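# Per-entry structural report
Residues per chain are reported as follows:
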Amino acid sequence: MFPEQAAKFAALVLGSAIVGFTVTHLILITLVERDNGDHFEDTAVAWGLGHEYNAPSAFATGVILLAAGLCAVAARRSQMFADPNQRGWTVLAVVLAFLAVDEAVQIHERLGERIDDRLELGGPLSFPWIVPYLAATGVLYLFLRPFLRRLEPELRRRLMLAGAIYVGGAAGVAAIAGTWWDAQGDQADYVFHLISTVEEAMELTGMTIFVVAMVGFLTVRPVAERQIEPEVPAPTG
């Protein structure tokens, strides 16, 4: 499969799943709102975005694990060809593996609860896990800057776009959701769920862009690999 075809296939499969989960979630929260939660609340928990141990959560965890695996493959390939980017790919693989675990068991939510018990923050910091995670993101970016500069410009742009969308959803939109949550007296109303839908969709979209970029990158054989191919001797008469 050619790089363009592989990337398009990954984008089609993951993108279709994101649209399906998002539309299903919007339908369910609307039904719950109209029905006052009498008949559809359990279904919304089972199929809605942002809940633990359900189908969308498993999908999100799988996409992040896929991204981690692709970075691990890139690290291994870099090691084979003495590429200085090996450490950068390895760090990304480890960070993404942690994010997959976090997505599955909601580590950030538990951390936020502990911080809130001590500080009782509100407004944009109603979900206070945002602060340590943004700080860690800043440190990670500074550490990976040399690695990012060595990447091909197109790959670098796509990975940076993916990161911006993911962090923008996970932290930026989460801060907006927290502000609304605080203004409503810590109540998750319909508007809050709509804001949370944007947050979850942005996270999934950012990670999908990352995966698609990595699929395109890894399906292109590196220059070093092409250079070490044995030459086929010319036929003798």
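These numbers come from a predicted model, not from an experiment.

This part covers the overall build of the chain. A tally of helices and strands in the chain yields nine helices and zero strands. Scanning the chain from its N terminus toward the C terminus, one meets helices and strands in the order α-α-α-α-α-α-α-α-α. With respect to the principal axes defined by its C-alpha atoms, the chain has extents near 85 × 35 × 25 Å. Out of the 237 residues in the chain, the part that is buried amounts to 38%. A sequence separation of at least 24 residues applies to 71% of the contacts in the chain between residues at least 6 apart. One way to put it: in the chain the 16 positive side-chain charges average out to a point 17 Å from where the 26 negative ones average out.

Another point: a nonpolar patch on the surface. On the surface, Val 19, Val 23, Ile 27, Leu 31 and Phe 40 cluster together into a nonpolar patch covering about 390 Å² of accessible area. Within the fold, Val 19 resides in helix α1 (residues 3–35).

Side chains of Glu 109, Glu 113, Asp 117 and Glu 120 sit close together on the surface and give a patch of like negative charge. In this fold, Glu 113 is placed in helix α5 (residues 107–119).

Before going further, it helps to examine the nonpolar core. Core analysis: the biggest nonpolar cluster contains 42 residues, and Cys 71, Trp 89, Leu 96, Leu 159, Phe 210 and Met 214 have the highest contact counts within it. Mapped onto this core, the elements with two or more residues apiece are α1, α3 (55–80), α4 (86–105), α6 (130–150), α7 (153–183) and α8 (190–218). In this structure Leu 159 touches Trp 89, Leu 151, Phe 210, Ala 213 and Met 214, once residues within four positions along its chain are discounted. The next biggest cluster of nonpolar side chains, apart from the first, holds 11 residues, and it includes Trp 129, Ile 130, Ala 175 and Ile 195.

The rules we used
- Every chain is numbered independently, its residues counted from 1 as its sequence is written.
- Restriction of local features to residues with pLDDT of at least 70 applies here, the model being predicted, together with a cutoff of 80 or more for giving and counting side-chain atom pairs; totals for whole chains, interfaces and linings are based on all residues.
- Side-chain numbers here rest on the full set of heavy atoms in the structure, without hydrogens or water.
- The helix count covers DSSP runs of H or I at least four residues long, the strand count covers runs of E at least two residues long, and both are numbered beginning at the N terminus.
- Burial classes follow relative accessibility: with a 1.4 Å probe on protein chains only, a residue under 20% of its type's maximum area counts as buried, one over 50% as exposed, and anything between as partly exposed.
- By definition in these notes, contact holds between two residues if any of their heavy atoms fall within 4.5 Å.
- Counted as positive: Lys and Arg. Counted as negative: Asp and Glu, with His and the chain ends omitted from the count.
- Lysine's charge is taken at NZ, arginine's at CZ, aspartate's at CG and glutamate's at CD.
- Patches here: salt-bridge-free residues with over 30% relative accessible area, like charges joined within 9 Å, nonpolar side chains (Val, Leu, Ile, Met, Phe, Trp, Tyr) joined within 5 Å.
- Reported accessibility uses the Shrake-Rupley method at a 1.4 Å probe radius. Residues are deemed covered only where the shown protein chains occlude them.
- The salt bridge criterion pairs a side-chain nitrogen of Lys or Arg with a carboxyl oxygen of Asp or Glu, the two atoms within 4 Å.
- Throughout this description, the term nonpolar core refers to a set of buried Ala, Val, Leu, Ile, Met, Phe, Trp, Tyr and Cys residues connected via side-chain atoms within 4.5 Å.

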